[in-house]
Structure formats: structure tokens, C-alpha cells
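# Residue-level structural notes
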Amino acid sequence: MADVSTIVGIVLNGLAIGMLLLLVASGLSLIFGLMGVVNFAHGSLYMFGSYFGLVLFDRTGVFLLALLAAPFLVAGIGMVMEYLTLRPLYGRDPLYQILLTFGIALILDELVVLVWGPNALDFTTPAWAQGVLDVAGAAFPAYRLFVIVLGAVVAVGLYAFLQRTRYGLVVRAGTANRTMVEASGINVKRAFTIMFAVGAGMAAVGGVVAGPMLSVHPAMGLEMVIEAFVVVVIGGLGSFRGSVVGALLAGLAQSFGSYYVPAASSIIIFALMVVVLLVRPGGLFGDPEVEH
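Residues numbered from 1 in each chain as written. Predicted model: local features only at pLDDT ≥ 70, side-chain atom pairs only at ≥ 80, totals over all residues. Heavy atoms only, no water.

### Some remarks on the overall build of the protein chain
- The number of helices and strands found in the protein chain is eleven helices and two strands.
- Listed N to C, the secondary structure of the protein chain is α-α-α-α-β-β-α-α-α-α-α-α-α in terms of helices and strands.
- In summary, the protein chain has a C-alpha radius of gyration of 19 Å against a globular reference of 19 Å for 292 residues, a match within 12%.
- Principal-axis analysis of the C-alpha atoms gives the protein chain an extent of 60 × 50 × 35 Å.
- In the protein chain, which comprises 292 residues, the proportion classed as buried is 48%.
- Approximately 13700 Å² of the protein chain is accessible, and the part contributed by carbon and sulfur atoms is 68%.
- For the protein chain, the distance from the average site of its 12 positive side-chain charges to the average site of its 14 negative ones is 15 Å. (Helix = DSSP H or I, 4+ residues; strand = E, 2+ residues; numbered from the N terminus. Rg over C-alpha atoms; globule rule 2.2 N^0.38 Å. Buried < 20%, exposed > 50% of the residue type's maximum accessible area, 1.4 Å probe, protein only. Areas by Shrake-Rupley, 256 points an atom, 1.4 Å probe, with all protein chains shown as cover. Lys, Arg positive; Asp, Glu negative; His and termini not counted. Charge placed at Lys NZ, Arg CZ, Asp CG, Glu CD.)

This is the structure in C-alpha cells:
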């Protein structure tokens, strides 16, 4: 039986993993919720955020600059990607979008190999976040505490954006009834482009944050996008609240699974997804009509 300090450490580690998953999955969920696009290139955008963050941090030595600048660079890539490739496919069979984003992901992954090589790169933890802190008797890495705090701040900020701003109202209205929004005279195409850029930027934030926690390598996007999709499915497609809850559940499940059942730690979140879908086929906060 684990003592209290061990349990605290496991919970904190689960929260750190969950917040990282949230940063990536929230952008994926927002894009699907407004645009109905299943973006398989989301993991590649996350990977680009990590590589851009690594370069910026190496050149400047300022981690916060990398954390702010890399998402804007990736958001720009997202805007170009949406405008040139996805926009012509709106209104067509979703299979076209799936195949397109999958193809873009392969291209971006190969581009990373060409520019940075196939080997993993080390992303140094910023000096101010190195070391460990004592939390209820548990020695926990300071950087992971930073990830928890940052994830919570971003989650609150996104919730406020969706609930308290005019553009957030447009996003939520577009999710519920896209045709009505267009009839109201709102430029839905522009909203799509901006929202896709926001989702891409969120993926990049996750990529920069993941750098010091994980190694930076060309396969990291594929690994993360699978887990992000699991989170979105657990929470319910298109539900931001579901993404938050799903990410935290997935993070805690991984952390406890790694401690108690290390041999099965890699399949824990998939088992969690299966259980959730058996009980609620639409996800925890998904469309209830899916269950009938």
C-alpha cells in the first residue's frame, strides 16, 4: 500500500500529464466542434511547436519567449494550411478532409526529418524550473508543477474566451447551427480560419511545454495525436468541457497505471476510452443523441 506522499506524487504526475494532453486535445476539440474537421495533422503541428520552441530557446535562452513565439509561428502555418487546402473541401465528404490532413501530416513529418534529422534532440529545462519541490512530503519536479499551473491558466482562459467574448459566442453558435450563423451575416470562413489557427497554436503550446518533459523527435506528433484523439473521444467530440475532464482522467489513469500496473501502462487510457464508450457512446459530455 502506497503512503500519502507517494499518492500525492502520483496524483501530481497525473495532473501534469493531463494538462499536457489538455493543451493539445483542446485545440483538436475546438477545431472539430466548429468546423467538423478531424485533423490528423494536429500532432504534426504539436511537433512543429516543440521544434520551433527548441530553436528559439537555444538561440535566445528565454523559455517564455519560445513559449509565446512558437505558437504564433505554428498558428500561421495553420492559417495557410486551412486556407489553401481545407477550405476548398468544406461541404464535401469528410473522408476527403481526413485523407488530406493525414497526407499533410506525413509531409510535415518528413520535412522535420529533412531539417532537423531523424534523431531525438534534448530540450533543456529552463534554469528557473529545474530541481524539485516538496509537496505534502512528495519530491516533485518544479517544471511539472509549472505545467500544471500553465494548463489550468490556459483552460480558464479558453473557457472565458468561449463563454464571455463575442467571438466565442460566434464559435459556440457555429457549433450548434452553422447555417444560422451564416444567415446572420457573419463571415464563417474567416471564423474557420481564425479558429483553425487558434487550434494549431494550442497544439504548439503543448509542443513547447512537452519539450523539457519528453525528448523532441520526429515521431512525437503521431504519439501525441493518438492520445489527444482518445481524450477528445472520452470527453465527447466538440466539447471543450469534455476535453478538460477527459484529459485529466487520462493523465491520472496513466500515472496510477504506471505505478500499479507498469506492464499495462501503455494501454490504460485506451481501456478507459472503451469503458466510457460502453457507458456513454457519445462521450462524457458529447451529443446525447449518439447514445440512442
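Now that the structure has been shown, the text picks up again.
### Some details on helix α4 (residues 94–116)
- With 23 residues, α4 should reach 33 Å at 1.5 Å per residue; the first-to-last C-alpha distance of 33 Å fits that figure.
- Buried residues of α4: Q97, T101, I104, A105, L108, D109 and V112, and no others.
- Each element contacted by the buried residues of α4 is listed here: α2 (42–60) and α3 (63–86).
- At the N-terminal boundary of α4, the capping side chain belongs to D93, with an oxygen 2.9 Å from the backbone nitrogen of L95. (Expected span 1.5 Å × (residues − 1). Contact = heavy atoms within 4.5 Å. Polar contact = N/O pair within 3.5 Å; in protein donor to acceptor, adjacent residues only side chain to side chain.)

### Focus: the nonpolar core
- With 76 residues, the main nonpolar core has M35, F63, L67, Y143 and V209 as its most contacted residues.
- Listed in part, the five residues of the second largest apolar core include L12, F140, L145 and I148. (Core = buried A, V, L, I, M, F, W, Y, C linked by side-chain atoms within 4.5 Å.)

### Examining the pattern of salt bridges
- Under the criterion given, the structure shown has one salt bridge.
- A salt bridge links R87 to E82; the nearest nitrogen and oxygen atoms lie 3.9 Å apart.
- On the basis of relative accessibility, which here comes to 22%, the residue R87 falls in the partly exposed class.
- Residue classification places E82 among the buried positions, given a relative accessible area of 0%. (Salt bridge = Lys/Arg side-chain N within 4 Å of Asp/Glu carboxyl O.)

### Overview of a nonpolar patch on the surface
- On the surface, a cluster of nonpolar side chains totalling about 370 Å² of accessible area is made up of V62, L64, L65 and W128.
- The residue L64 is located in helix α3 in this model.
- Owing to a relative accessible area of 44%, L64 belongs among the partly exposed residues under this scheme. (Patch = residues over 30% accessible without salt bridge, like charges linked within 9 Å, V, L, I, M, F, W, Y side chains within 5 Å.)

### Comments concerning the layout of surface pockets
- The volume enclosed by the second largest pocket comes to roughly 280 Å³.
- For the second largest pocket, the lining is made up of 15 residues, of which L20, L214, M224, E227 and Q254 are closest to its centre.
- For the lining of the second largest pocket, the secondary-structure elements that each account for two or more residues are α1 (4–35) and α9 (220–235).
- Of the residues contributing to the lining of the second largest pocket, the split by class is eight nonpolar, four polar and three charged. (1 Å grid on protein atoms, 1.4 Å probe; cavity = no way out; pocket = protein on both sides within 12 Å on 5 of 7 lines; lining within 4 Å. Points joined across faces, edges and corners; volume = space filled by probe spheres on them. Nonpolar A, V, L, I, M, F, W, Y, C, P; charged D, E, K, R; others polar.)

### So, the pairing of strand β1 (residues 132–135)
- Where β1 and strand β2 (residues 138–141) come together, four bridges link them in antiparallel fashion. Bridging across to β2, V135 finds its partner in A138.
- Following β1, the chain reverses through two residues before pairing antiparallel with β2; A136 in that reversal takes a positive phi of roughly 55°. (Pairing = 2+ DSSP bridges.)

### A closer look at the packing of aromatic side chains
- Scanning the entire structure with this criterion turns up 16 aromatic pairs.
- Ring centres 6.2 Å apart and planes at 65° place the aromatic pair F52 and W116 in the edge-to-face group. Of this pair, F52 sits in helix α2 while W116 sits in helix α4; the two residues are 64 residues apart in sequence, bridging distant segments of the chain.
- Every member of this aromatic cluster is reached through a ring pair, and the members are F57, F63, F123, W128, Y143 and F146. (Phe/Tyr/Trp six-rings, centres within 6.5 Å; stacked < 30°, edge-to-face > 60°.)

### Some words on the environment of R144
- For R144, the position within the fold is in helix α5 (residues 142–164).
- Linking R144 and D109, residues 35 residues apart in sequence, is a C-alpha distance of 27 Å.
- If sequence neighbours within four positions are ignored, R144 has contacts with N13, A16, I17 and M213.

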